[in-house]
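# Overview (structure and organization)
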Amino acid sequence: MSPPPQQCRWQKFNTTVELEQAATQAILQAALQDISQRGTFHIVLAGGTTPRRIYESLRKADADWAAWHVYFGDERCLPADHVDRNSWMAAQAWLNHVAIPLTHIYPIPAENGPQAAASAYAQTLAGIELFDFVLLGLGEDGHTASLFPGHELGSTADSPAVIAVENAPKYPPQRVSLSAHRLSAARKVMFMVSGAMKQQAVRDWRCGVAIPAAAISPTSGVDVYLEAALLV
Ligand code: 6PG
């Protein structure tokens, strides 16, 4: 069965700083609401460079960190302490500096290789039906997480929750990614898009080209936080 069509809300900002501030506030607001309703906040983090300053802002926030549970949308198959790991970036920018219990932070064991890590992480996610918040980036080729054009996106209901990625066009070639279907099982999904090199991917997306980012289709739709300059 094909996934529901994606509903996009394009939230444009004049500057990158405004985008980052708004994204930080949206995350904190969602956490406050979800923790008050259910006592926990399950968030999936994006990798790459765009979220770094948002993570650095979160580090300064006053939040009920003990109620947060942190997952990763994808990971690069590198040693756990490698500076190019998405988990390393998030730890340096944010997670090492706040009181989220270590038992509530779930890095993808990508150092064990794509297949083993994908199987292990699928077990980690088995107990979580819906994420509260999923953060995603957008690559120049329209990829998101480690779901790349021409590769398996896992967008149908029978798709595995976690995909082993080989021959990724973005270094490193071996990665692990949550599938499009699993990333869509979320109350809120936010894309953060910054940088002139993303302009063509945004154009393709808005013209209905089936880029991987367009395969993320939660029932509540997705919010795309982007610089206004990318919409011209
Ligand atoms: C990764 C990320 C990837 C990233 C995009 C955007 O492991 O590289 O998960 O999906 O979000 O490539 O990267 P930038 O934010 O660096 O532009």
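Everything below is about the structure printed above this text.
The notes below deal with the structure included here.

Parameters at a glance
Residues numbered from 1 in each chain as written. Predicted model: local features only at pLDDT ≥ 70, side-chain atom pairs only at ≥ 80, totals over all residues. Heavy atoms only, no water. Near = heavy atom within 4 Å. Polar contact = N/O pair within 3.5 Å; in protein donor to acceptor, adjacent residues only side chain to side chain. 1 Å grid on protein atoms, 1.4 Å probe; cavity = no way out; pocket = protein on both sides within 12 Å on 5 of 7 lines; lining within 4 Å. Sits in = over half its atoms within 2 Å of the grid points. Nonpolar A, V, L, I, M, F, W, Y, C, P; charged D, E, K, R; others polar. Points joined across faces, edges and corners; volume = space filled by probe spheres on them. Helix = DSSP H or I, 4+ residues; strand = E, 2+ residues; numbered from the N terminus. Pairing = 2+ DSSP bridges. Axes fitted to C-alpha atoms, helices over the stretch in contact; angles between N-to-C directions. Contact = heavy atoms within 4.5 Å.

## Remarks on the site of the ligand
Taken together, 15 residues form the shell around the ligand, and within it Thr49, Thr50, His143, Ala145 and Lys198 come nearest. At 2.7 Å from an oxygen atom of the ligand is found a side-chain nitrogen or oxygen belonging to Thr49. Interatomic distance of 2.7 Å between a side-chain N/O atom of Lys170 and an oxygen atom of the ligand. More than half of the atoms of the ligand fall within 2 Å of the grid points belonging to the largest pocket. A breakdown of the residues in the shell around the ligand according to their chemical character gives 2 nonpolar, 8 polar and 5 charged.

## Looking at the layout of surface pockets
Here the largest pocket defines a volume of roughly 550 Å³. Forming the walls of the largest pocket are 33 residues, and the residues nearest its centre are Gly47, Gly48, Thr49, Thr50 and Lys170. Among the secondary structure elements, those contributing two or more residues to the lining of the largest pocket are α1 (16-38), α2 (52-59), β4 (74-76), α3 (86-93) and β5 (131-136). For the lining of the largest pocket, the residue count by class is 10 nonpolar, 12 polar and 11 charged. When its volume is computed, the second largest pocket comes out at roughly 270 Å³.

## Thoughts on the sheet that holds strand β2 (residues 41-45)
One open sheet accounts for 6 strands, arranged β1-β9-β8-β5-β2-β3; its pairing is parallel. Single-partner strands in this sheet number two, and they are β1 (8-13) and β3 (68-72). Strand-to-strand twist in this sheet, taken as the mean axis angle between neighbours without regard to direction, amounts to 20°. As paired strands, β2 and β5 are joined by 2 bridges and run parallel to one another. The residue bridging Ile43 from the neighbouring strand is Phe133, located in β5. Most of the contacts of α1 go to strand β9 (residues 222-227), to which it runs at about 155°, and overall it touches β1, β2, β3, β5, β8 (186-193) and β9. Together, β1, β8 and β9 form the strand contacts of helix α6 (residues 199-206), whose direction differs from that of β1 by roughly 145°.

## Things to note about unusual backbone geometry
With an omega dihedral of -5°, the bond running from Tyr171 to Pro172 counts as a cis peptide bond. Despite not being glycine, Ala145 has its phi angle at roughly 50°, a positive value. With respect to the element layout, Ala145 can be found in the loop between β5 and β6 (162-165). The backbone of Asn167 sits at a positive phi, close to 55°, despite the residue not being glycine. The residue Asn167 is located in the loop between β6 and β7 (175-178) in this model.

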